[in-house]
Structures are given as C-alpha cells and as structure tokens.
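Residue-level structure breakdown
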Amino acid sequence: MTIKTFFIYLIIMALSTYLIRAIPFILVKHQIRNTYIKSFLHYIPYAVLTAMTIPAIFTATASVISACVGFIVACILAIKNKGLTTVALLSCVAVYLTELILGLIS
C-alpha cells in the first residue's frame, strides 16, 4: 500500500465515522420524547456489540466445543449478575481447561 492510498483510506474512514456521529445532531434539533424511539436508541449499542462479539466467540478457539463451553459459562455468570472481569476470566479458564481436556482425549 502506498502512502497516497493510505491517506485516501484514512480520510474516507474519518469522514464516514464523523458523519455517523454528526448526522443525528444535525437532523434532530429537539429532545426525543417518543418512548419507543428512546428505547430503540437505548438498545442499539448492545445489539451491535452482540452482533460483533458472538461470531468472534466461535472462531477464536481451536475447537467449537471449547468455544461453546466458554460461551455457556459467560452466559451463566452474566445471568447471575457477575462483573465483566469475573465473566471474562472464568470464561477464559473454562475454554483453557476444555482445550486441555480435548487435547488429552485426542
């Protein structure tokens, strides 16, 4: 990649990122009072984060089985209202132990 191509990509990325954040401020002049729209906008970050994270979970390990175990552990801990650090650490431990067990079996 040449430096010229890099800066073209950088400018396009910067403009698109800025426009996504600036357009709502330009289009909406007043406070949103509609409860349906407010609740919809409230859940968008969670939906996007989930859509980005779930596929990565199942491709990040050597085995889909260990990925499923880690995902299940994370879901159980999240349902029990554990903190983010606890959920992440225990899920990683579960994946690691599952990979060890699967390595011993095969």
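Residues numbered from 1 in each chain as written. Predicted model: local features only at pLDDT ≥ 70, side-chain atom pairs only at ≥ 80, totals over all residues. Heavy atoms only, no water.

The interhelical angle for the contact between helix α3 (residues 64-79) and helix α4 (residues 84-105), taken along N-to-C directions, is 150°, at an axis separation of 8 Å. Regarding the angle of α3 to α4, the classification is roughly antiparallel. Relative to α4, the crossing made by α3 is right-handed. Side by side, α3 and α4 meet where Ile-65, Ser-66, Val-69, Gly-70, Val-73, Ala-74, Leu-77 and Ala-78 of the first sit next to Thr-86, Val-87, Leu-90, Ser-91, Ala-94, Val-95, Thr-98, Glu-99 and Leu-102 of the second. Its residues placed into classes, the contact of α3 with α4 shows 11 nonpolar, 5 polar and 1 charged. (Axes fitted to C-alpha atoms, helices over the stretch in contact; angles between N-to-C directions. Helix = DSSP H or I, 4+ residues; strand = E, 2+ residues; numbered from the N terminus. Parallel < 35°, antiparallel > 145°, perpendicular 65-115°, else oblique. Left-handed = near helix turned anticlockwise from the far one by under 90°. Contact = heavy atoms within 4.5 Å. Nonpolar A, V, L, I, M, F, W, Y, C, P; charged D, E, K, R; others polar.)

A word on a nonpolar patch on the surface. On the surface, a cluster of nonpolar side chains totalling about 970 Å² of accessible area is made up of Met-1, Ile-3, Phe-6, Phe-7, Ile-8, Tyr-9, Leu-10, Ile-12 and Met-13. Looking at the secondary structure, you find Phe-6 in helix α1 (residues 3-27). Classification of Phe-6 by relative accessible area gives partly exposed; the value is 40%. (Patch = residues over 30% accessible without salt bridge, like charges linked within 9 Å, V, L, I, M, F, W, Y side chains within 5 Å. Areas by Shrake-Rupley, 256 points an atom, 1.4 Å probe, with all protein chains shown as cover. Salt bridge = Lys/Arg side-chain N within 4 Å of Asp/Glu carboxyl O. Buried < 20%, exposed > 50% of the residue type's maximum accessible area, 1.4 Å probe, protein only.)

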